[in-house]
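The primary structure of each chain is shown beneath.
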Amino acid sequence: MAKTKNKLKSTPLLEDSYVEDTNDDALLNEKADKPTSQLGKNPSARSTLHNLRNYYLEFKANPAYQIILGGFFIFLSIYLFISFISYFFTWQQDFDKVTASFSNLFGYETEIQNWGGAWGGLLGHIFIYKFYGVASLVLPIALLILGINKIRLLPTSFNLLLHTFFWLIWLSLSLNFLFGNNYPIAGGNYGDIMNTTLMHHIGKWGLATLLVCSLILYFIIHPNYLMALKFIWGTETNKDKEIQNESSEEIPINEQSDTKNNSDEKEDEPETDDTIILVEQQPNEITFSIENTKETMEQTEVQNQDPKFTIEQPDTELQEEVDSATIEEEKSAEQIAEQGEFNPLAELSDYVYPGLDLLNDYGSGIGKINQEELLQYKDKIVKTLRNYGIEIQEIKATVGPTVTLYEIVPAPGVRIARIKNLEDDIALSLAALGIRIIAPMPGKGTIGIEVPNQSPEIVSMKNVLSSEKFQHTNFDLPVVLGKTISNEVYIADLAKMPHLLMAGATGQGKSVGINAILLSLLYKKHPAELKFVLVDPKKVELTLYNKIERHFLTKLPNSEEAIITDTKKVIHTLNSLTIEMDNRYALLQDAQVRNIKEYNQKFIKRRLNPNDGHRYLPYIVVVIDEFADLIMTAGKEVESPIARIAQLARAVGIHLVIATQRPSVNIITGVIKANFPARIAFKVSSKIDSRTILDAGGAEQLIGRGDMLYSAGSELIRLQCAFVDTPEVEKVAEFIGLQRAYPSAFLLPEYVDENEESTLSEIDLSERDKLFDEAARLVVQFQQGSVSFLQRKLKIGFNRAGRLVDELEKAGIVGKFEGSKQREVLIKDIQQLEELLKGLGE
């Protein structure tokens, strides 16, 4: 789109020389606000469509409705089957009646021989005689499959429609080709017309070749021997619920960006010094060239840019075991080749990602150019620096949503420290709140002065989520933090941070920031790929997410609420996460991979056996809204598991997001800071708080309302957080909650508090578990006495494994519980164990 130029002659001092082109501004604003779809022009139509979609999702999510619908399909299947079978015997007697008028057919004096009555005779005549012939029997079979699936609350498979359509057409053509007009109901009238047409074009032998080739091609596309079974059931069998044949693609966000942030063409440079070119563009950068008393302002544009194994003198029995294992591996490889890759999204294959229409549009978040304000601030900066004998060569302004960055190039010989010392003087001359000087600008030969805009713009969550950058990101856990000063959408990968610390004074945007992070992940990830652990000591901030409990949330076994508000439950949850972390590391070690991404890829390719305890591992994001309250009430009981998770959990896909409004050293301790390289600071009251959060000053000079500094390593980036209101979060959570979900929330491992007294005296070894001897031998053989170890080896639940460990402790085989450490195995050899077991058996 060609840009509009507004050229005006100016005086050498550039004073009162600019006249706004209001028509161009109105045109630009009107174009920016114009919706991209006809639906957007009619709010009532959009609301009606949204309500209809909600009713449909509620209908799908209600099991009673699905069972009723399934029963109807089964009834219709049986009725059609009886009618079709009867039609083969009675079609000649009923032919003249079903071809007569409806009033004659459905009159009480008309006798219909079909077992299905008048409707049965009519449906048989339509489907068998007029359309597909004997092939019509495929229809009641397909309806029976569909009804059974509805009653079993299984998703409807699109393959059922494809299989049904193929067999209807192929059987109709084939039977008519074989029997022709001798049996008119063999292939039906449709089969006769298609056969006649195809024979006319490709001949009799061509049609025969086509039928044979299409059947061969069908079996080539479906080579597995379970194809007939899958056709009968129409969707995955019980076994195939765990082993899927097809992979699904991630459903993209429904809407695209309404406006583009990058300009389409680059404007020509002005030819004269007295020309001002001010064009609203993205990002907004304006350069002021200073030469003696004559000043020129011109707009510039930035273009976004397999070890060998040998056995010596093997034992015969061992060799037989090796041979049998090899045969089993070969069979397993053949099965994997037939089954295809595992699809983790299959259980909720009909999940619909939330749409952008659920969010409000507060504006584009692009800072509008106010030329008078820019010229005024530019002149004051230049004048203040000249008063102290500091000359500058060039000054450039970049207009952001809430602040404008003035980059100055000092004259040769000017020391940077002199400019930094004038921070308060510049703030005084500009009469602006929150002046921040960056000297020097990282990667640039300039000094930056950030000045708040008089009319800040709101960065809406809808605008940043609809950006091309977010929709096409390949991050594992993409998080939209907001927009930079240059109006670029800033996206970070939580999986690489790997943990995030957020701090700032009360009311400066932390809760909005947490909601922005959660919504970013909800809009991009499937429930099978991501789970949340939400800790809300204030009990009011995260309660809106209760509606997505069975989709995205986790909870402890036997726990009622998924949103954790009680401090004791927080301690249990964090310690349970350490158990989950240890279990995941054991799985990674067994799979011989280094991180969760490699593990899941290996599991999807069916190179890991679920019978050995392997499973698809979703990412777990732990969000703690008020960390200071937990530290004050629990102290080390909370800090220790958080520090351990922060140190180790990155490789297994567990990530922390911690927020606090009290950024003091007794809350944000050295242990916490050392493991949280990624930090966000909202406005704080003092430079000490800023240094506590960021190890650098600057957060005390922010202007609030989502204005923040993001630290990723040594670089500080100023961002404006995207705004999302509570009703928007509620609508997104409700949209997800109305959809079909998992039977329960994702369950974390059970945790037993080490401070709770163990009642070993109540354990009677004479009534010990049947697996006690086997468990004891495993523990001594592998010298591991943990509950998770017995779970994997014996394939039992957590509670039974815990009782076995208690019995082993009572018998003196393993030591006492030592928190996150593994229990000590007190017996070191099998012979000693057998003697102990023999004594227990007497």
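Just so we're clear, the structure is a prediction, and the values are computed from it rather than from any experiment. (Residues numbered from 1 in each chain as written. Predicted model: local features only at pLDDT ≥ 70, side-chain atom pairs only at ≥ 80, totals over all residues. Heavy atoms only, no water.)

Quick word on the overall build of the protein
Line of reasoning, step 1. When you go through the protein residue by residue, the secondary structure sums to 28 helices and 19 strands.
Line of reasoning, step 2. Split into buried and exposed, the 842 residues of the protein put 48% on the buried side.
Line of reasoning, step 3. Accessible surface, the protein: about 43000 Å² in total, of which carbon and sulfur atoms supply 53%. (Helix = DSSP H or I, 4+ residues; strand = E, 2+ residues; numbered from the N terminus. Buried < 20%, exposed > 50% of the residue type's maximum accessible area, 1.4 Å probe, protein only. Areas by Shrake-Rupley, 256 points an atom, 1.4 Å probe, with all protein chains shown as cover.)

A short note on the nonpolar core
Line of reasoning, step 1. Ranked by internal contacts, the top residues of the largest apolar core, which has 116 residues, are L500, F532 and Y710.
Line of reasoning, step 2. With eight residues, helix 18 (residues 567-591) is the single largest residue contributor to this core.
Line of reasoning, step 3. Excluding anything up to four places from it in sequence, Y710 contacts L481, Y490, A492, M497, L500, A678, R679, I680, E715, L716, I717 and L719.
Line of reasoning, step 4. By size, the runner-up hydrophobic cluster in this structure holds 25 residues, among which are I395, I426, I447 and V451. (Core = buried A, V, L, I, M, F, W, Y, C linked by side-chain atoms within 4.5 Å. Contact = heavy atoms within 4.5 Å.)

Examining the packing of aromatic side chains
Each aromatic ring pair is summarised here by two numbers: the centre-to-centre distance and the angle between the ring planes.
Line of reasoning, step 1. Across all of its chains, the model carries 13 aromatic pairs by this definition.
Line of reasoning, step 2. Centroid distance F72 to F73: 6.0 Å. Interplanar angle 50°. Geometry classified as tilted.
Line of reasoning, step 3. Cluster of aromatic residues (ring-pair linked, three or more members): Y351, Y353, F532 and F552.
Line of reasoning, step 4. One cation-aromatic arrangement involves K524 over F470; the distance from NZ or CZ to the ring centre is 5.2 Å.
Line of reasoning, step 5. Stacked on the ring of F782, the Lys or Arg K793 has its end atom at 4.8 Å from the ring centre. (Phe/Tyr/Trp six-rings, centres within 6.5 Å; stacked < 30°, edge-to-face > 60°. Lys NZ or Arg CZ within 6 Å of the ring centre and 35° of its normal.)

Details of the pairing of strand 14 (residues 619-624)
Line of reasoning, step 1. Within strand 14, six of the six residues are buried, which leaves the element mostly enclosed by the surrounding structure.
Line of reasoning, step 2. In strand 14, alternate side chains face the same way, and those of Y619, V621 and V623 on one face and I620, V622 and I624 on the other are all buried.
Line of reasoning, step 3. Judged from the six bridges that link them, strand 12 (residues 530-535) and strand 14 form a sheet pairing that is parallel. By the bridge assignment for strand 14, L530 is matched with Y619.
Line of reasoning, step 4. Where strand 14 and strand 15 (residues 654-660) come together, five bridges link them in parallel fashion. (Pairing = 2+ DSSP bridges.)

Focus: the pattern of salt bridges
Line of reasoning, step 1. Taken as a whole and assessed by the stated rule, the structure comprises 19 salt bridges.
Line of reasoning, step 2. Between D625 and K538 there is a salt bridge, with its nearest N and O atoms 3.5 Å apart. Taken together, the residues span a long stretch of sequence, with D625 in the loop between strand 14 and helix 20 (627-634) and K538 in the loop between strand 12 and helix 17 (549-552) at a distance of 87 residues.
Line of reasoning, step 3. Judged by relative accessible area, which is 36%, K538 ranks as partly exposed.
Line of reasoning, step 4. Between K673 and D695 there is a salt bridge, with the nearest N and O atoms lying 2.7 Å from each other. Taken as a pair, K673 in helix 22 (residues 670-674) and D695 in the loop between helix 23 (687-694) and strand 17 (707-712) lie far apart in primary sequence, 22 residues in all.
Line of reasoning, step 5. Judged by relative accessible area, K673 falls into the buried class, the value being 17%. (Salt bridge = Lys/Arg side-chain N within 4 Å of Asp/Glu carboxyl O.)

Structural notes on helix 3 (residues 63-98)
Within an α-helix, residues lying three or four positions from one another point in the same direction, as the helix has 3.6 residues per turn.
Line of reasoning, step 1. End to end, helix 3 covers just 39 Å across 36 residues, shorter than the expected 52 Å (1.5 Å per residue, more than 12% under).
Line of reasoning, step 2. The largest bend along helix 3 measures about 85° and falls at W91. (Expected span 1.5 Å × (residues − 1). Bend = angle between axes of the 7 residues up to and from the residue.)

Digging into helix 26 (residues 787-794)
Line of reasoning, step 1. Of the positions making up helix 26, those classed as buried are S788, F789, L790 and L794.
Line of reasoning, step 2. In the core, the buried residues of helix 26 are packed alongside helix 18, helix 25 (772-782) and helix 27 (798-810).
Line of reasoning, step 3. With a side-chain oxygen lying 3.2 Å from the backbone nitrogen of F789, the N-terminal cap of helix 26 falls on S786.
Line of reasoning, step 4. Of the residues one or two after helix 26, K795 is the one with positive phi, at around 55°. (Polar contact = N/O pair within 3.5 Å; in protein donor to acceptor, adjacent residues only side chain to side chain.)

Describing the sheet that holds strand 9 (residues 478-484)
Line of reasoning, step 1. Taking strand neighbours across the sheet as the criterion, the nine strands line up as 10-9-18-17-16-11-15-14-12 in an open arrangement whose pairing is mixed. Looking at the sheet topology across the chains shown, the edges are occupied by strand 10 (489-493) and strand 12. Across the sheet, the mean angle from the axis of one strand to that of its neighbour is 25°, orientation sign disregarded.
Line of reasoning, step 2. Both strand 9 and strand 10 contribute to a ladder of five bridges, which runs antiparallel. Bridge pairing in strand 10 places K483 opposite V489. (Axes fitted to C-alpha atoms, helices over the stretch in contact; angles between N-to-C directions.)

Some words on the packing of helix 26 against helix 27
Line of reasoning, step 1. Running from N to C, helix 26 and helix 27 cross one another at 120°; their axes reach a closest spacing of 9 Å. Of the two possible hands of crossing, helix 26 and helix 27 adopt the one that is right-handed. Contacts between helix 26 and helix 27 pair V787, L790, Q791 and L794 from the former with F798, A801, G802, L804, V805 and L808 from the latter.
Line of reasoning, step 2. Across the contact of helix 26 with helix 27, the residue classes break down as eight nonpolar, two polar and no charged. (Left-handed = near helix turned anticlockwise from the far one by under 90°. Nonpolar A, V, L, I, M, F, W, Y, C, P; charged D, E, K, R; others polar.)

Re the packing of helix 25 against helix 26
Line of reasoning, step 1. Viewed as axis vectors pointing N to C, helix 25 and helix 26 meet at an angle of 115°, and their least axial separation amounts to 11 Å. The angle between helix 25 and helix 26 places the two elements in the roughly perpendicular class. When the axes of helix 25 and helix 26 are compared, the crossing they make is right-handed. The residues of helix 26 that touch helix 25, namely those facing E774, A775, L778, V779 and F782, are F789, L790, K793 and L794.
Line of reasoning, step 2. Across the contact of helix 25 with helix 26, the residue classes break down as seven nonpolar, no polar and two charged. (Parallel < 35°, antiparallel > 145°, perpendicular 65-115°, else oblique.)

Side note on the environment of E728
Line of reasoning, step 1. Along the chain, E728 falls in helix 24 (residues 726-737).
Line of reasoning, step 2. Take E728: its relative accessible area is 0%, and that puts it in the buried class.
Line of reasoning, step 3. The sequence separation of E728 and L519 amounts to 209 residues, and the corresponding C-alpha distance is 9.8 Å.
Line of reasoning, step 4. Ignoring anything within four residues of it in the chain, the contact list for E728 reads L358, L359, N360 and Y362.
Line of reasoning, step 5. One polar contact links the side chain of E728 to the main-chain amide nitrogen of N360, over a distance of 2.9 Å.
Line of reasoning, step 6. Here Y362 takes part through its side chain, which lies 2.8 Å from a polar atom of the side chain of E728.

Some remarks on the confidence of the model for the protein
Line of reasoning, step 1. Per-residue pLDDT for the protein has a mean of 76; in total, 74% of the residues score no lower than 70.
Line of reasoning, step 2. Note on residues 224-283: pLDDT under 50 across the span, and 155 contacts to partners over four residues away in sequence or across chains.
Line of reasoning, step 3. Confidence drops under pLDDT 50 across residues 291-327; counting only partners more than four residues distant or on other chains, this segment forms 56 contacts. (pLDDT = per-residue confidence, 0-100.)

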